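Take a look at the letters that make up each chain.
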Amino acid sequence: MIIFPAVDLQGGKAVRLRQGRAGESTVFSDSPVETALHWQAEGAQWLHLIDLDGAFQGKSVNAGIVEAICQKLSIPVQLGGGIRGEDSLRMWFDAGVERAIIGTLALEAPRAFARICGLFPGRVGVSLDAVDGRLKTRGWVADSGLMVEDVLPRLAGDGAAFVIYTD
C-alpha cells in the first residue's frame, strides 16, 4: 500500500478545506514547497498535490509553486485540479508532474478524456467526487447528474490509469 500525503494549494498556500468548501480553508503553511519537502523527509513515496484554484476557477495561479515542488523533490508528484484539456496537461507534465488527476473533463467530455488517456498511457487518472453516490464536478460545485456506478466501467475502458474516489 502507498500512502499519498496531500498538499492542497490555494492562493499560494498549503491549505485544507472544510468539507470541500472553497471559502472555508485553514492555512497550514505559507510555504507549500517546505510542506512538500517535509513529507518527503517523513518517507513519502509520492506527493499528492491538488490545485484548488485550478479546480474552482478552471485555471491555475499556482504553476510556479507546482514546478518548484517538482524540482525540489526526488519523489514523484501527482497533481489534480483544473486540468481540463490537453494543453494544461502538457504544461503540468513539462513542469515535472508525473501523473495527472482529471475529474470534470472525464465526466463532461468523455471522448476528450479517452483521447488524453491514449496520449499519455499510465499517467492520467480520474477523481470521482460524490455526495451520496452522485458525482460532482468543477471542484464539488456542480452536479454531473451521474452516479458512480454509471461511469466506472467507461473510465476503465477509456484508459484511466487509476481512480481516486471521495464521498
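Residues numbered from 1 in each chain as written. Predicted model: local features only at pLDDT ≥ 70, side-chain atom pairs only at ≥ 80, totals over all residues. Heavy atoms only, no water.

This next bit is on the packing of aromatic side chains. Within the structure shown, the criterion is met by 2 aromatic pairs. With a centroid separation of 5.9 Å and 40 degrees between ring planes, the pair formed by F4 and W46 is classed as tilted. Of this pair, F4 sits in the segment before β1 (6–10) while W46 sits in the loop between α1 (32–41) and β4 (47–51), and the two are 42 residues apart along the sequence. Of note, R99 hangs over the ring of W46, and the distance from its end group to the ring centre comes to 4.5 Å. A cation sits over an aromatic face here: R99 above F162, 3.9 Å from the ring centre. (Phe/Tyr/Trp six-rings, centres within 6.5 Å; stacked < 30°, edge-to-face > 60°. Helix = DSSP H or I, 4+ residues; strand = E, 2+ residues; numbered from the N terminus. Lys NZ or Arg CZ within 6 Å of the ring centre and 35° of its normal.)

What follows concerns the environment of S60. Counting through the fold element by element, S60 comes out in the loop between α2 (52–57) and α3 (63–72). Given a relative accessible area of 27%, S60 falls into the partly exposed group. Sequence separation between S60 and Q10 is 50 residues; the distance between their C-alpha atoms is 9.5 Å. Once you skip the residues sitting within four places of it in the chain, S60 turns out to touch D51, G54 and W92. Separated by 2.9 Å, the side chain of S60 and the backbone nitrogen of N62 make a polar contact. There is a polar contact of 3.5 Å between the side chain of S60 and the backbone nitrogen of A63. (Buried < 20%, exposed > 50% of the residue type's maximum accessible area, 1.4 Å probe, protein only. Contact = heavy atoms within 4.5 Å. Polar contact = N/O pair within 3.5 Å; in protein donor to acceptor, adjacent residues only side chain to side chain.)

This part covers the environment of A130. Among the structural elements, A130 can be located in strand β7 (residues 124–131). The spacing of A130 and I65 is 65 residues in sequence and 28 Å in space, taken between C-alpha atoms.

The next thing to look at is the pattern of salt bridges. Going through the model one piece at a time under the given rule, you end up with 7 salt bridges. With a shortest N-O distance of 2.9 Å, D8 and R16 are connected by a salt bridge. Put simply, D143 and R134 hold a salt bridge, and the shortest N to O gap is 3.1 Å. On the basis of relative accessibility, which here comes to 38%, the residue D143 falls in the partly exposed class. Classification of R134 as partly exposed rests on a relative accessible area of 35%. Connected via shared salt-bridge partners are E86, R90 and R115. (Salt bridge = Lys/Arg side-chain N within 4 Å of Asp/Glu carboxyl O.)

Moving on: the state of the cysteines. On inspection of all chains with the given rule, the structure shows 0 disulfides. Considering cysteine sulfurs only, C117 is the nearest to C70, which forms no disulfide, with 20 Å between them. The class of C117 is buried, set by a relative accessible area of 3%. (Disulfide = S-S within 2.5 Å.)

From the geometry alone we can't say anything about function, so treat these as descriptive.
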